[in-house]
Amino acid sequence: MHDAYILALDQGTTSSRAIVFDHEGNAIATCQKEFPQYFPHPGWVEHDPVEIWSSQSAVMAEAVASLGGFRNGISGIGITNQRETTIVWDAATGRPVYNAIVWQDRRTAEYCDRLKAQGLTEWIRGKTGLLVDAYFSATKVKWILDNVPQARARAERGELRFGTVDSWLVWNLTGGAAHVTDVSNASRTLLFNIHSLEWDTELLDLFGIPASMLPKVCSSSEILGCTHASILSGKVPIAGIAGDQQAALFGQMCVEPGSVKSTYGTGSFLLMNSGPRPMDSQNNLLTTVAWKIGDCVDYALEGSIFVAGSVVQWLRDGLGIIRSSEEIERLAANVPDSGGVVFVPALTGLGAPYWDASARGSLYGITRGTTAEHIARAALEGIAFQTMDIVSAMEKDAGVALKDLKVDGGASRNNLLMQFQADLLGVDVIRPSTTETTALGAAFLAGLATGFWSGIDELKAIWQTERRFTPCMEQAAVEAAKKAWSDAIRRTTSFHRQ
């Protein structure tokens with residue numbers, strides 16, 4: 001068994017990846033392929049589902065081929081995916097009826113405002129743990145049914161299927177034999193009751209979505225189907241699914257209540273394991289299903305930051321003050337601090353705990369002495385400040401203080417950012433040896449289902465620390481920085497209302 005491998009498919013917002021892990025959790029083959037983003041109108045973000053599948057299948061084949069004589073040693077496949085992104089396709093042909101509407105898409109924001117005006121916010125939140133927002137899948141499905149010719153009629157005749165990206169991948173991997181999702185992805189649709197762990201008929205009626213469209217909801221670690229004979233030259237069990245942030249939580253081995261991870265990607269996402277019962281947030285966080293393994297369900301509190309790593313891309317592509325994303329740490333390190341500049345990176349609004357879609361990015365404290373170095377440093381600090389705000393909300397909801405923060409994602413490799421994060425939080429920030437924790441979490445879930453790994457204790461033994469960042473900033477400086485950030489947030493959120 002130890003000569004075999006687990007294949008993780010990591011389908012993200014801008015690229016598809018396939019990573020082969022060995023029994024020690026080492027990534028022995030990694031392939032990645034970007035795919036196009038489409039912006040047909042301001043605030044709209046789409047993907048071509050066929051391009052998602054073709055890019056994912058291409059990297060999967062390339063990764064497995066790189067194993068050479070061991071290519072038949074794949075004992076299982078784990079899938080992790082961009083969440084909330086919505087695809088509707090023909091049940092007979094498998095052809096999408098419209099592009100995938102991406103989680104970032106805001107076209108249904110006005111409809112969400114109408115639901116709020118009807119006083120439905122708390123009713124929906126009580127069932128789903130989610131806020132009423134265009135972020136989630138239900139309003140995207142409704143938009144497709146209402147705006148694609150014949151889509152609603154076809155859906156009511158049972159001819160269409162809906163799924164998040166995990167469902168779309170499994171459908172294609174199995175040649176249409178399996179239409180499934182797991183509890184973590186289902187809990188992000190605004191259609192799933194996180195208490196009964198079933199699709200909610202009242203929510204389906206509210207959004208006008210026929211139940212025949214929906215996938216079967218499974219656990220996050222079980223054999224869900226096998227690949228079609230034409231794929232990977234044989235039947236390989238698909239044995240694990242989790243939405244990307246829940247997969248990262250599991251990959252970080254945050255399996256104890258109160259443990260927290262932060263993934264610094266295009267956006268940034270913090271999840272706290274809240275244990276076997278859902279925890280209602282009083283501080284504008286989301287309550288979500290973390291995973292289900294066997295009969296055991298873990299829940300999580302989640303805070304979403306819309307703009308994290310993408311602010312670095314903006315500095316590169318929009319302002320041109322860096323030529324590559326990697327340059328920002330060196331540029332920011334040229335100055336000892338931000339020189340009084342505060343950057344609120346609300347380029348697409350503010351997520352948790354503010355949920356202010358109208359907010360826009362703001363720079364405060366600019367003087368004649370402000371340089372590109374100060375702006376670069378303030379941009380990185382803005383990511384850490386947003387994380388601090390969510391941690392504070394989590395501590396209030398859970399009634400416990402943060403012990404440490406496990407980090408992953410591309411921006412977690414930025415040592416300056418991670419050190420400032422530790423200084424702000426006043427706890428150690430821990431970066432693992434394997435920062436590909438999202439894919440690793442999917443691999444872990446699949447490996448548990450196939451017996452590749454014996455249990456959680458074995459997985460904990462695999463997880464290793466690469467670096468620990470310990471707070472070292474003087475407390476007076478930390479408090480001054482927090483006050484400047486608080487003032488900047490107040491000004492930013494009030495500006496568009498004036």
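Since the structure is predicted, the reported quantities are computational estimates derived from the model, not experimental observations.

Student: Would you mind going over the layout of surface pockets with me for this structure?
Tutor: By rolling a water-sized probe across the atoms, one finds the places where empty space is left. The volume enclosed by the second largest pocket comes to roughly 310 Å³. Lining the second largest pocket are 19 residues, with Asp337, Ser338, Glu381, Phe420 and Ala481 positioned closest to its centre. The set of elements that each furnish at least two residues to the lining of the second largest pocket consists of helix H12 (372-398), helix H13 (415-425) and helix H16 (475-495). A per-class count over the lining of the second largest pocket returns eleven nonpolar, four polar and four charged.

Student: Would you explain the packing of helix H10 (residues 309-319) against H12 in this entry?
Tutor: Between two packed helices, the angle of one axis relative to the other and the distance separating the axes together describe the packing. The N-to-C vectors of H10 and H12 enclose an angle of 160 degrees; their axes lie 9 Å apart at closest approach. Relative to H12, the element H10 lies roughly antiparallel. The two elements H10 and H12 meet at a crossing, and its hand is right-handed. Each of Gly309, Val311, Val312 and Leu315 in H10 lies in contact with H12, whose residues at this interface are Ile375, Ala376, Ala379, Leu380 and Ile383.

Student: How do you make sense of the nonpolar core when you look at a structure like this?
Tutor: Considering soluble globular proteins, one finds that nonpolar side chains tend to be buried as a cluster. Within the largest apolar cluster, 103 residues are counted, with the highest numbers of intra-cluster contacts made by Leu145, Leu191, Phe207, Ile209, Met213, Tyr264 and Leu405. Counting residues per element, this core draws most heavily on H12, at 13 residues. What leucine 191 contacts, discounting residues up to four positions off in sequence, is Thr128, Ala138, Phe162, Glu198, Trp199, Asp200, Leu203, Leu204, Phe207, Ile209 and Leu214.

Student: Any chance you could explain the packing of helix H9 (residues 244-251) against helix H14 (residues 437-450) here in plain terms?
Tutor: Packing of H9 against H14 leaves a shortest axis separation of 7 Å and a crossing angle of 75 degrees. Considering the angle they form, H9 stands roughly perpendicular to H14. On the side of H9, the interface is formed by Asp244, Ala247, Ala248, Phe250 and Gly251, while H14 contributes Thr437, Thr438, Leu440, Gly441, Ala442, Phe444, Leu445 and Leu448. When its residues are assigned to classes, the contact of H9 with H14 shows eight nonpolar, four polar and one charged.

Student: What should I look at first to understand unusual backbone geometry in this one?
Tutor: In terms of backbone geometry, most residues other than glycine have negative phi values and most peptide bonds are trans. Residue proline 353 follows alanine 352 across a cis peptide bond; omega there is -5 degrees. Within the secondary structure, proline 353 sits in the loop between strand E19 (342-344) and strand E20 (362-364). For leucine 190, which is not a glycine, the phi torsion comes out positive at approximately 75 degrees. Assignment of secondary structure puts leucine 190 in the loop between helix H7 (183-186) and strand E10 (192-193). Its relative accessible area of 1% is what places leucine 190 among the buried residues. Of note, the phi angle at asparagine 284 is positive, near 65 degrees, even though the residue is not glycine. Its place among the elements puts asparagine 284 in the loop between strand E16 (268-275) and strand E17 (286-293).

Cut-offs and rules
- Residues numbered from 1 in each chain as written.
- Predicted model: local features only at pLDDT ≥ 70, side-chain atom pairs only at ≥ 80, totals over all residues.
- Heavy atoms only, no water.
- 1 Å grid on protein atoms, 1.4 Å probe; cavity = no way out; pocket = protein on both sides within 12 Å on 5 of 7 lines; lining within 4 Å.
- Points joined across faces, edges and corners; volume = space filled by probe spheres on them.
- Helix = DSSP H or I, 4+ residues; strand = E, 2+ residues; numbered from the N terminus.
- Nonpolar A, V, L, I, M, F, W, Y, C, P; charged D, E, K, R; others polar.
- Axes fitted to C-alpha atoms, helices over the stretch in contact; angles between N-to-C directions.
- Parallel < 35°, antiparallel > 145°, perpendicular 65-115°, else oblique.
- Left-handed = near helix turned anticlockwise from the far one by under 90°.
- Contact = heavy atoms within 4.5 Å.
- Core = buried A, V, L, I, M, F, W, Y, C linked by side-chain atoms within 4.5 Å.
- Buried < 20%, exposed > 50% of the residue type's maximum accessible area, 1.4 Å probe, protein only.

By themselves, these are just geometric observations and shouldn't be taken as functional.
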